[in-house]
Amino acid sequence: MTDVVSSAPGDVADRDGGVSRAQPHEHSRTGLSADALHRAIADHLAYSIARPPSVLTPEHYYRALALAVRDRMQQRWMATTQDLLHGPAKVTCYLSAEFLMGPQLGNNLLNLRIERQAREALAALGQDLDAILECEEEPGLGNGGLGRLAACYLDSMATLQRPSIGYGIRYEFGIFDQEIQDGWQVEKTDNWLVAGNPWEIDKPDASYLVNWGGRTEQYEDVAGNHRVRWIPRRVIKGVSYDTPIQGYGVNTCNTLTLWSARSVSSFALDAFNTGDFYKAVEDEVLSEKISKVLYPNDEPEAGKRLRLQQQYFFVSSSLQDILRIHTERARLPLSALPDKWAIQLNDTHPSIAVAELMRLLIDEHHMGWDEAWDITVATFAYTNHTLLPEALETWPLGIFGDSLPRHLEIIYEINDRFLEEVRDKFPGDTERERRMSLIGEDGGKSVRMAHLATVGSHAVNGVAALHSELLKASVLKDFYEMWPERFGNVTNGVTPRRFLALSNPGLRTLLDETVGDGWLTDLDQLRRLEPYAEDPAFRERWRDMKRANKSRLAEYVHASTGIELDPTWMFDVQVKRIHEYKRQHLNVLHIITLYNRLKRNPGFAIAPRAFIFGGKAAPGYFIAKRMIRLITAVGATVNNDPDVNRFMRVVFLPNFNVKNAHLIYPAANLSEQISTAGKEASGTGNMKFMINGALTIGTLDGANVEIREEAGPDNFFLFGLTVDEVEQLKADGYRPTAFVERDPELAEVLELIVDGTFTHGDTEVLRPLVDNLLHHDPFLVLADYRSYVDCQARVSAAWQDSDTWSRMSILNAARSGKFSSDRAIAEYSDEIWHVGAMPVTL
Ligand SMILES: *Cc1c(COP(=O)(O)O)cnc(C)c1O
C-alpha cells in the first residue's frame, strides 16, 4: 500500500514497539510520537477541558486524548476532502439510516498506528490507556447488523483508499439501553450525547432546507415551460455534523456526515414578530423532534409518519449536499453526476432518494424527465437486507401524499413509464403489472419502497449468495425477469481491524508472531495459519489465548450479572437481536433438554458449558420479550441448582452493544447461528465469531452456507431443515404437535416451561411462547429440535477432545479471509460503483 501513515513527513509512527524518539520539533497538534501526544493531551486538558489538575477524572483524560487524536486526523481529513472535492476520483456515498459505529478512540489509535505512543503518553501522565478507553460511551445509532455493516464498510472504504461519504442521521437518542429487572427487559433512554461527542465537528454553515407536507402548484416559467413547485406546510433545517473516518495505515480519512434537524430561524422569527412567541418555540420543538430518536426495528405501525420524515429529512439533506459539492465545489455539469458519484442505498430506508433526486433535477435544476431519469438510475444502487415480508417497507398512500405530495406525483409518473415498459416486455400480463407496480393495492393503497429502489437503481444486490438467489426467486422475481443484468450478490463482511486487531489483542499478537501482520489489510493471509493446526505447541498457545479472552469475559459477566463462569468450560454464545426467526428459544430448548437429563439421571454427566445470550428485543415485540424472560428464568433455575450448576450455567448479558461485543466474540468457543433456513439474509455476527476462532453450529442460512464452504464441512456443525425442506413442510401444512407426539423428550421440555419449574410455579407467564411454538410458528422451531439437539451432542464430543477442537478452531480462523469487509468493499467498488483507489498525499 502506498502513502502509508508512517511515510508522512515528520511522521514517526511505527507499528509495534519501536523506540519512540522524542521529536521536540514535532507539532503538538500533528506529531505522532509519544512525546508529542503527551504535550497534546496536557494542552487539551488545560485549554479544551479547562479543569485544574486537582479535579481531573479519567473522563477528562479520555476527552483530552480523543481531541488530541482528532487533531492528528485533521490534516489527513482535509487532504482527503480536498482531493475528493476537486480531483477526478469518483466518490461513493453510503446512505444509511443507521451507523452502529461503536467506540471510536481505540479504533482511531489503531488505524493511525499510534496505540503504543498513546499508552506511553498517558503513562507519563499517570493514566492507563485501557481504563481511559473504558470511559467512551458508544454512539448507538443502529439496531444491529445493518447499522454495524455500514460502520464496517466505512472502515474498509477508508482503508482501501476509496473516497467516500457516509450519510445518516444524528439521533439524539440512539438504540435504548437494556437493563434486566426481575428477568424482564427494561428500556432506558440512551443519552449518548450528554457528556459531549469529541469526534464530531458541527458545520452550522453547511445546512439545507427540507420541505414537508403542503401541496404542489403548476406554473409556467419565463421561458414558457410547464413547471411544478412544491408549497410546503413546514420547512426544517438539516445541520451537518461530520466525523472523520481514518483508514488503517493510509492517509485517507473519509467523512461520516450525520444530519441534525433544526427549526428554520426565519420562520420562528415571523411568528415571534407577530407576537406568537409560543408558536415559535413549538415550531422549534417540532422540528427538532425529527432527529430525536432511532426507531427500534421489528416495531409495528406506531410512529410511521415521523419515520418517513426522518428518512426524507436525511436523504434530502444528503442529496442537496452532493449536488452542491458537484456543481459548486467540483464545478461539474449535472450530466456528469453518475461519473462523479455512486450512491448506495442501504436497504429501503433511504429509497425515497430515487424520487428526491428526480425532484431536485427536474423542479430545482429544470432538467427534462428522460435525462433526469437516466442520471438517477445510473447513480443509485440498492442493497436488499431482508426477505421477511413484514420487514419490506410500504407507506400508506394517504400518509405519503400528505407528507410528500410532490414525490407522490413523481412516483406516479415513474410508475406509469415503468409499467409501460413491463407491458412492452410482457404484453397482456396484467397480473404481473399489478405485482410489480410501485403502488400496492392490497389492504389499502401503499407505496412499495423496495420496488421504487429497484426500479430507480442500476444494480441490486443481496448480502449473501443464498439470499441473493432467494431474492431473485421470491420477492424480486418479477424484477429479475425484467432486468436480470441488474442483479448480483455481495456477501457481507466485517472489519478485521475492529473485530480482530482491536478486540482480540491476544490473537493479534499470536498472528503477528506467526504469520506477520499483513492480515490486517489482507485477511486471506490467515491461510498461512493452516499448517499450525497440526503443531501441538501452537495449539497450546491458541488455547491459552482463548482462555485469557474467556477470563476477561467471565470477569465482565460477573460484574454485570453476578454470575460466575469457569473459563475452562465451553463458552456457547448466541448474541444478536432477539427475534423468533433467529430462534433463541430453540437454543433454550436444548438447554432445558440437558437440564432435564441431568435431573432425571443423577449419574449423568456432560462436558460443562456456559450458555451465554445477549441481545435487545424491540420494545413492542411481545414474543421477543418473553424469549428474554424464558432465558432469564431458565438461567435462574439452572444457576442455583447444585445438581446441574456443576455442568451448566446460563447467562443473559444485558445491553449487547459494540463495546461489549469486543469482549464477547473473542471469548466464544461455539457460535450459535440457528435461524430458520431462508430467513437470515446474511448475518455478520457469524463472521466475527469465525474470525476469532469459534466453531459454528448452524443451519444452511445466510452466510452460514459460505462459512461452511470456506471452513470445510468437517469444521462446521450443520443441522436443520434446508430452505427447500422448509418450503415443502410449509406447503404440506406444518403441524408442530406431530413433532411433539413422536418425541417424548421434546414433550417433557415443553411441559417444564409451562408447569412453572422455571417460574416459581407461575404457569402462565411463558405459556404464550409455548402456545406459539405449538400452534402458529412460521419459524418451525419444533421441526428442527431433534436435529439441533443431536448436533449439539456432536459438538460436545468434539469439545471433549481438546486437540480436535483446537485444530478445528485454528482452521476456522485461518479460512475466514473471505469475510473481511475489505473483500466486500472491493467487490462493490469493482462491480457496482466502478470506483478505484485514490491515494492521498500530504
Ligand atoms: C455484529 C453485530 C450484530 C449483528 O449480529 P447478527 O448475529 O449478524 O445478527 C448486532 N449487534 C451488534 C452490536 C453487533 O456487533
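Residues numbered from 1 in each chain as written. Predicted model: local features only at pLDDT ≥ 70, side-chain atom pairs only at ≥ 80, totals over all residues. Heavy atoms only, no water.

**A word on the overall build of the chain**
- Along the chain, the regular secondary structure elements total 33 helices and 22 strands.
- The C-alpha atoms of the chain give a radius of gyration of 28 Å, which matches the 28 Å a tight globule of 842 residues would have.
- Oriented by its inertia axes, the alpha-carbon framework of the chain measures out at about 95 × 75 × 55 Å.
- The average position of the 88 basic charges and that of the 116 acidic charges among the side chains of the chain differ by 2 Å. (Helix = DSSP H or I, 4+ residues; strand = E, 2+ residues; numbered from the N terminus. Rg over C-alpha atoms; globule rule 2.2 N^0.38 Å. Lys, Arg positive; Asp, Glu negative; His and termini not counted. Charge placed at Lys NZ, Arg CZ, Asp CG, Glu CD.)

**As for the packing of aromatic side chains**
- One pass over the full model with this rule turns up 21 aromatic pairs.
- Cation over ring: R229 sits above Y219, and NZ or CZ is 4.1 Å from the ring centre.
- Seen from the ring of F499, K688 lies directly overhead, with NZ or CZ sitting 4.6 Å from the centre. (Phe/Tyr/Trp six-rings, centres within 6.5 Å; stacked < 30°, edge-to-face > 60°. Lys NZ or Arg CZ within 6 Å of the ring centre and 35° of its normal.)

**Describing the site of the ligand**
- As a structural note, the neighbourhood of the ligand is formed by 13 residues, with K576, K582, T684, G685 and K688 the closest of them.
- Here the ligand, which alone exposes 390 Å², has 96% of that area covered by the protein.
- Residues of the shell around the ligand, tallied by class, amount to 4 nonpolar, 6 polar and 3 charged. (Near = heavy atom within 4 Å. Areas by Shrake-Rupley, 256 points an atom, 1.4 Å probe, with all protein chains shown as cover. Nonpolar A, V, L, I, M, F, W, Y, C, P; charged D, E, K, R; others polar.)

**Here we look at a negative patch on the surface**
- Judged by side-chain charge, D416, E420, E421 and D424 come together as a negatively charged surface patch.
- By secondary structure assignment, the location of E421 is in helix 14 (residues 405-425). (Patch = residues over 30% accessible without salt bridge, like charges linked within 9 Å, V, L, I, M, F, W, Y side chains within 5 Å. Salt bridge = Lys/Arg side-chain N within 4 Å of Asp/Glu carboxyl O.)

**Some words on the pattern of salt bridges**
- One pass over the full model with this rule turns up 54 salt bridges.
- Across the pair E217 and R215 runs a salt bridge, and its minimum N-O distance is 3.2 Å.
- Where D478 meets R435, a salt bridge forms, and the shortest distance between an N and an O atom there is 2.8 Å. With a gap of 43 residues between them, D478 in helix 18 (residues 477-482) and R435 in helix 15 (residues 430-436) connect regions that are remote in the sequence.
- A relative accessible area of 11% means that D478 is categorised as buried.
- Overall, the relative accessible area of 34% leaves R435 in the partly exposed class.
- One salt-bridge network, held together by shared partners, links D429, R432, R435, K477, D478 and E481. (Buried < 20%, exposed > 50% of the residue type's maximum accessible area, 1.4 Å probe, protein only.)

**Some thoughts on the sheet that holds strand 19 (residues 648-653)**
- Here we have 6 strands laid out as an open sheet, ordered 19-18-17-20-21-22, and parallel in their pairing. Every interior strand has two partners, whereas the edge strands, strand 19 and strand 22 (717-718), have only one.
- Here strand 17 (residues 570-575) pairs with strand 20 (residues 670-673) via 2 bridges, running parallel. Paired with V573 across the strands is S671, a residue of strand 20.
- Packing of helix 21 (residues 536-561) onto the sheet brings it into contact with strand 17, strand 18 (609-614) and strand 19, and relative to strand 19 it is tilted by some 70°.
- This element, helix 23 (residues 622-639), spans strand 18 and strand 19 of the sheet and lies at about 140° to strand 19. (Pairing = 2+ DSSP bridges. Contact = heavy atoms within 4.5 Å. Axes fitted to C-alpha atoms, helices over the stretch in contact; angles between N-to-C directions.)

**Focus: the UniProt feature "modified residue: N6-(pyridoxal phosphate)lysine" (unreviewed entry) in the chain**
- UniProt records the feature "modified residue: N6-(pyridoxal phosphate)lysine" (unreviewed entry) for K688 in the present numbering.
- Turning to its location among the elements, K688 is positioned in helix 25 (residues 685-691).
- On the basis of relative accessibility, which here comes to 6%, the residue K688 falls in the buried class.
- Once residues within four sequence positions are removed from consideration, K688 is found in contact with R148, V494, F499 and Y665. (UniProt positions renumbered as here; feature names shortened; annotations may be inferred.)

**What about the sheet that holds strand 12 (residues 394-396)?**
- Taken in spatial order, the 3 strands line up as 12-14-13 in an open sheet, and their pairing is antiparallel. Here the strands that pair on one side only, and so sit at the sheet edges, are strand 12 and strand 13 (439-440).

**A look at the packing of helix 1 (residues 34-49) against helix 4 (residues 115-124)**
- Packing of helix 1 against helix 4 leaves a shortest axis separation of 8 Å and a crossing angle of 50°. As far as their axial angle goes, helix 4 and helix 1 are oblique. Read as a crossing pair, helix 1 and helix 4 show a hand that is right-handed. From helix 1, A34, L37, H38 and I41 reach across to helix 4, where they touch Q117, A118, E120, A121, L122 and A124.
- Classifying every residue of the contact of helix 1 with helix 4 gives 7 nonpolar, 2 polar and 1 charged. (Parallel < 35°, antiparallel > 145°, perpendicular 65-115°, else oblique. Left-handed = near helix turned anticlockwise from the far one by under 90°.)

**Here we look at helix 30 (residues 767-775)**
- All of the buried residues in helix 30 are L769, V770, N772, L773 and L774.
- For helix 30, the elements touching its buried residues are helix 22 (584-600), helix 23, helix 28 (736-741), helix 29 (744-754) and helix 31 (781-800).

**Concerning unusual backbone geometry**
- Although it is not a glycine, A50 adopts a positive phi angle of roughly 55°.
- Tracing the chain through its elements places A50 in the loop between helix 1 and helix 2 (58-86).
- Its relative accessible area of 52% is what places A50 among the exposed residues.
- Not every positive phi belongs to a glycine, and H760 is a case in point at roughly 50°.
- H760 gets classed as exposed once you look at its relative accessible area, which sits at 82%.

**Remarks on the nonpolar core**
- In terms of nonpolar packing, the biggest core is built from 182 residues, with F400, M648, F717 and L782 touching the most fellow members.
- The contact partners of L782, leaving out residues within four places of it in the chain, are L589, Y734, P736, F739, V740, L746, L750, L773, L774 and D777.
- The next biggest cluster of nonpolar side chains, apart from the first, holds 56 residues, and it includes L502, A533, A667 and I810. (Core = buried A, V, L, I, M, F, W, Y, C linked by side-chain atoms within 4.5 Å.)

**Overview of the environment of E284**
- Note on placement: E284 falls in helix 8 (residues 277-288).
- For the pair formed by E284 and I236, sequence separation is 48 residues and the distance between their alpha carbons is 9.2 Å.

**With respect to the environment of W259**
- If you trace the backbone, W259 turns up in strand 9 (residues 253-263).
- A residue is classified by how much of its surface remains accessible, and W259, at 0% relative accessible area, is buried.
- Counting along the chain gives 215 residues from W259 to S474, while the straight-line C-alpha distance between them is 35 Å.
- Within the local environment of W259, its side chain forms a polar contact with the side chain of S318, the two groups lying 3.0 Å apart. (Polar contact = N/O pair within 3.5 Å; in protein donor to acceptor, adjacent residues only side chain to side chain.)

**Some thoughts on the pairing of strand 18**
- The buried fraction of strand 18 is high, at 6 of 6 residues.
- Side chains of strand 18 alternate between two faces, with R609, F611 and F613 and A610, I612 and G614 buried alike.
- By the bridge criterion, 6 bridges tie strand 17 to strand 18 in an arrangement that is parallel. Along strand 18, the bridge assignment pairs V575 with G614.
- You can see the chain leave strand 17, run along helix 22 and come back into strand 18, and the turn it takes is right-handed.
- The pairing of strand 18 with strand 19 spans 6 bridges and is classified as parallel. Residue pairing for strand 19: A610 is matched across the bridge by R649.
- As for the winding sense of the linkage, the β-α-β connection from strand 18 through helix 23 to strand 19 is right-handed. (Right-handed = clockwise from strand over helix to strand, strands pointing away.)

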